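What the coordinates show
Here is what each chain is made of, one letter per residue.
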Amino acid sequence: MRRWLLSLALLPVIACAGDDGYVRVPGGEFRSALKYEDSDGRVVVAPFELMRRPVTNAEFLGFVSAHPEWRRDRVAKVFAEASYLRDWSSADQPGTQARPGQPVVNVSWFAADAYCRAQGARLPTWSEWEYVAAADETRTDARADPAWRENILGWYAKPSNAPLAMVGTSPANVYGVQDMHGLVWEWVEDYSSLLVSGDSREQKSADVLKFCGAGAISMDDRDNYAVLMRVAMLSSLEASNSTSNLGFRCAKSLP
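Owing to the predicted nature of the structure, the values given are computational and were not obtained by experimental measurement. (Residues numbered from 1 in each chain as written. Predicted model: local features only at pLDDT ≥ 70, side-chain atom pairs only at ≥ 80, totals over all residues. Heavy atoms only, no water.)

Description of the side chain of Gln102
In plain terms, the rule: Secondary structure follows DSSP: runs of H or I at least 4 residues long count as helices, runs of E at least 2 residues long count as strands, and numbering of each begins at the N terminus. Within 3.5 Å is the distance limit for a polar contact, defined as a pair of N or O atoms, with the added protein rule that one can donate a hydrogen and the other accept it, and that residues adjacent in sequence qualify only through two side-chain atoms. Only heavy atoms matter for contacts: two residues are in contact if any of them lie within 4.5 Å across the pair.
Of note, Gln102 is situated in the loop between helix 2 (57–66) and helix 3 (109–118). Polar side-chain contacts of Gln102 include one of 2.7 Å to the backbone oxygen of Leu164. Excluding residues that lie within four positions of it along the chain, Gln102 makes contacts with Val55, Thr56, Asn57, Gln97, Pro163, Leu164, Ala165, Met166 and Val167.

Quick notes on helix 5 (residues 146–156)
Note the following rule: Burial classification: accessible surface area is computed with a 1.4 Å probe over protein chains only, and a residue below 20% of its type maximum counts as buried, one above 50% as exposed, and the rest as partly exposed. The directions considered for the arc are those from the helix axis to the C-beta atoms.
For helix 5, the complete set of buried residues consists of Trp148, Arg149, Ile152, Trp155 and Tyr156. Projected down its long axis, helix 5 carries its buried residues within an arc of 120 degrees, all on one side. Exposed residues pointing more than 90 degrees away from the buried face of helix 5 are listed as Ala147, Glu150 and Asn151. The backbone nitrogen of Ala147 lies 3.0 Å from a side-chain oxygen of the residue at the head of helix 5, namely Asp145.

Digging into the state of the cysteines
Note the cut-off: Defined by distance alone, a disulfide is two cysteine sulfur atoms within 2.5 Å.
Evaluation of the coordinates by the stated rule reveals 1 disulfide. Disulfide pairing is shown between Cys116 and Cys250; the S-S distance is 2.2 Å. Judged by the torsion about the S-S bond (-85 degrees), the Cys116/Cys250 disulfide is left-handed. In this pair, Cys116 sits in helix 3 while Cys250 sits in the loop between strand 9 (246–247) and strand 10 (251–253), placing the two residues 134 residues apart along the sequence. Note on accessibility: Cys116 and Cys250 belong to one class, buried.

In structure tokens, the structure reads:
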């Protein structure tokens, strides 16, 4: 028993959980799967706070009730296409197809951004999201583990028409964050800078106009495939778009 208690005491404190649904994520340097023009892919992430779980239908209902301009029957078309909140039974009720504890989906970037701002927060940047998503339950960076990668790719292979699970059903990673993989794709603040070609055969093309965003995926590293999937999907969207497997969570900068 004493040995077990000692080993527990020696475990590093990776993140501190708050009462508002956020955890504090320590900053650090890591190698991004995005290869930026002015670096070798190494990025530095400052300490920040991130929601433990994606935003739920119940939470988003509270937002649209307080901000009715974001109801699907009132939202400006420039901010949300026709599929916005289409799984809700009505403009002010999620209904049986969008249960309270499920992640809210069919939300545009504009709506996700507005929700976070209403909470005194913001959407996470891609670097922040990728930094936290690289972790598993015991490691801050599990990306070199083939089993970890295969588990993520296995989720990608599942049919997207199955009902979504409730948020918080996956084990928390070392930062105390859940559902980074295996539940929904997620909006990030700077999604529009992640421009890559939609055709992986063109990743080595000499046409640099295909890579006019912040960076491009290196297809020489096959281990980046799971990240490529997310970046390619996000870079294909407009801010007003919404899909049935795309949700979000919020982040907060620290003073």
